[in-house]
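Residue-level listing of the chains:
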Amino acid sequence: MSSFNVRQKLSANRLRAKKSLGQNFIHDENLLRKIVRHAGDVSKGSVLEIGPGPGGLTQAILEAGAKKVVAVEKDLRFSPILSELAIAFPNRLSVILKDALEIDLRDISDSPLKVIANLPYQISTVLLIKWITDDIWKSNCKSLTLMFQKEVAERIVAGPGSRKRSKLGLLTELYTEAKILFRVPASCFIPVPKVDSSLVHFEIRKAPKYRVDPSKLNIILRSAFNQKRKMLKSSLKPLFSDVEKALNTAGIIETQRPEALELKQFCELSLIHP
Ligand code: SAM
């Protein structure tokens with residue numbers, strides 16, 4: 001296969017993008033190749049792609065030398081286009097027509113596993129949280145290279161003190177090393193979305209960054225960030241019999257707000273929580 005022909009494939013198959021499925025397709029071939037280059041060597045193990053749609057990114061992954069690509073697509077209308085791609089790259093592409101939320105990374109036995117996706121924006125953070133909190137570090141998954149709306153990407157990497165600091169970013173830091181690779185203007189997609197996007201690369205840690213009680217951390221972060229403007233002594237009060245003592249034990253000043261804290265402090269608090 002020489003050209004990606006995303007526009008042509010869409011029109012030949014009379015496919016109109018469905019907003020409800022977050023369908024904004026990348027038509028720029030250079031961008032598709034650049035995304036795959038940033039995912040590193042794809043020739044070993046396998047690649048999981050979520051939402052292949054008309055297959056532009058899928059083709060770029062295959063052309064970069066991936067021996068095995070598993071592509072999970074919810075919209076059955078793309079089945080004929082993806083079958084053609086599977087024929088063009090014999091025994092290298094498996095298409096699974098189902099909801100990506102039902103996929104468990106730990107069920108994929110090939111190692112190393114890389115996930116590469118231009119995610120549907122409606123479920124991008126739900127998928128990321130599901131993957132990382134489902135013990136991703138015990139799976140064969142080594143990295144995620146994912147497209148997000150620019151604002152979401154900024155929340156993921158925001159450090160302590162930033163107003164963009166979030167529960168999503170803290171959980172991401174616990175299980176991965178994340179960095180924004182580059183910004184992608186809205187004009188690279190069809191149809192053109194209202195906002196720009198950013199490609200984010202996550203290297204999966206071999207173990208969580210700090211000792212932690214994951215379910216308690218989740219409760220603490222939810223309470224703290226649901227009331228972001230409140231001081232921690234007030235937002236976390238319902239969780240501890242003596243909240244000020246608990247905060248002090250974790251080295252936290254009780255008048256601080258959640259965005260000021262290091263991940264390590266939240267992890268320490270999770271080990272104190274009764
Ligand atoms: N990979 C293509 C590209 O980069 O041009 C399409 C990306 S488009 C942003 C998102 C894709 O995810 C669409 O093909 C859409 O049908 C698919 N999708 C949406 N929700 C899904 C879900 N729950 N499970 C699997 N695929 C989904």
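Note that the structure is predicted; figures quoted are calculated from it, not measured. (Residues numbered from 1 in each chain as written. Predicted model: local features only at pLDDT ≥ 70, side-chain atom pairs only at ≥ 80, totals over all residues. Heavy atoms only, no water.)

**Examining a nonpolar patch on the surface**
Line of reasoning, step 1. The grouping of Leu76, Val95 and Leu97 at the surface amounts to a nonpolar patch, some 240 Å² of accessible area in total.
Line of reasoning, step 2. As for its position among the elements, leucine 97 is in strand E4 (residues 93-97). (Patch = residues over 30% accessible without salt bridge, like charges linked within 9 Å, V, L, I, M, F, W, Y side chains within 5 Å. Areas by Shrake-Rupley, 256 points an atom, 1.4 Å probe, with all protein chains shown as cover. Salt bridge = Lys/Arg side-chain N within 4 Å of Asp/Glu carboxyl O. Helix = DSSP H or I, 4+ residues; strand = E, 2+ residues; numbered from the N terminus.)

**Some remarks on the packing of helix H5 (residues 124-133) against helix H7 (residues 167-175)**
Pairs of packed helices are described in terms of their axes, by the angle between the two and the distance that separates them.
Line of reasoning, step 1. Where H5 contacts H7, the axes come no closer than 10 Å and their chain directions differ by 35°. Considering how the two elements wind past one another, H5 and H7 form a crossing that is left-handed. From H5, Thr125, Leu128, Ile129, Ile132 and Thr133 reach across to H7, where they touch Leu168, Leu171, Thr172 and Tyr175.
Line of reasoning, step 2. Split into classes, the residues belonging to the contact of H5 with H7 amount to six nonpolar, three polar and no charged. (Axes fitted to C-alpha atoms, helices over the stretch in contact; angles between N-to-C directions. Left-handed = near helix turned anticlockwise from the far one by under 90°. Contact = heavy atoms within 4.5 Å. Nonpolar A, V, L, I, M, F, W, Y, C, P; charged D, E, K, R; others polar.)

**Focus: the packing of aromatic side chains**
Line of reasoning, step 1. Throughout the structure, instances matching the rule amount to three aromatic pairs.
Line of reasoning, step 2. Summarising the aromatic geometry, the rings of phenylalanine 25 and phenylalanine 78 are spaced 5.6 Å apart at their centres and angled 75° between planes, so their arrangement reads as edge-to-face. Note that phenylalanine 25 is positioned in strand E1 (residues 25-26) and phenylalanine 78 in the loop between strand E3 (69-73) and helix H4 (79-88), a separation of 53 residues in sequence. Phenylalanine 78 shares its class with phenylalanine 25; the two are buried.
Line of reasoning, step 3. When the centroid spacing of 6.1 Å and the interplanar angle of 45° are considered together, the rings of phenylalanine 225 and phenylalanine 266 count as tilted. Here the residue phenylalanine 225 occupies a position in helix H8 (residues 214-226), and phenylalanine 266 occupies one in helix H11 (residues 263-272), the gap between them amounting to 41 residues.
Line of reasoning, step 4. On the basis of relative accessible area, phenylalanine 225 is assigned to the buried category, the value being 12%.
Line of reasoning, step 5. Residue placement shows lysine 34 over the ring face of phenylalanine 182; its charged tip is 4.1 Å from the ring centre. (Phe/Tyr/Trp six-rings, centres within 6.5 Å; stacked < 30°, edge-to-face > 60°. Buried < 20%, exposed > 50% of the residue type's maximum accessible area, 1.4 Å probe, protein only. Lys NZ or Arg CZ within 6 Å of the ring centre and 35° of its normal.)

**Focus: the pairing of strand E9 (residues 197-204)**
Line of reasoning, step 1. In terms of residue burial, E9 counts as a mostly covered element, since seven of its eight residues are buried.
Line of reasoning, step 2. The sheet contact formed by strand E7 (residues 176-184) and E9 spans eight bridges and is antiparallel. Looking at the pairing, isoleucine 180 lines up with valine 200 of E9. (Pairing = 2+ DSSP bridges.)

**Topic: the environment of lysine 179**
Line of reasoning, step 1. In this fold, lysine 179 is placed in strand E7.
Line of reasoning, step 2. Here the alpha-carbon distance between lysine 179 and serine 197, two residues 18 residues apart in the chain, equals 14 Å.
Line of reasoning, step 3. Residues in contact with lysine 179, not counting those within four places in the same chain, are Val157, Leu199, Val200 and His201.

**Digging into empty space enclosed by the protein**
Line of reasoning, step 1. This structure, assessed with the given rule, holds one cavity of 30 Å³ or more.
Line of reasoning, step 2. Its volume calculated, the largest cavity comes out at about 40 Å³.
Line of reasoning, step 3. Class assignment for the residues of the lining of the largest cavity results in two nonpolar, no polar and four charged. (1 Å grid on protein atoms, 1.4 Å probe; cavity = no way out; pocket = protein on both sides within 12 Å on 5 of 7 lines; lining within 4 Å. Points joined across faces, edges and corners; volume = space filled by probe spheres on them.)

**Regarding the layout of surface pockets**
Line of reasoning, step 1. Counted as a void, the largest pocket has a volume near 440 Å³.
Line of reasoning, step 2. The wall of the largest pocket is formed by 31 residues, among which Leu21, Gly51, Glu73, Asn118 and Pro120 lie closest to the centre.
Line of reasoning, step 3. At the level of elements, E1, strand E2 (46-50), helix H3 (56-63) and E3 are the ones that each hand at least two residues to the lining of the largest pocket.
Line of reasoning, step 4. Classifying every residue of the lining of the largest pocket by side-chain character gives 16 nonpolar, 10 polar and five charged.
Line of reasoning, step 5. Taken as a whole, the second largest pocket encloses approximately 370 Å³ of empty space.

**Concerning H7**
Line of reasoning, step 1. Judged by how many residues are buried, H7 sits mostly within the fold: seven of nine residues are covered.
Line of reasoning, step 2. Buried within H7 are the following residues: Leu168, Gly169, Leu170, Leu171, Thr172, Leu174 and Tyr175.
Line of reasoning, step 3. Packing partners of the buried residues in H7 comprise H5, helix H6 (150-157), E7, E9, H8 and H11.

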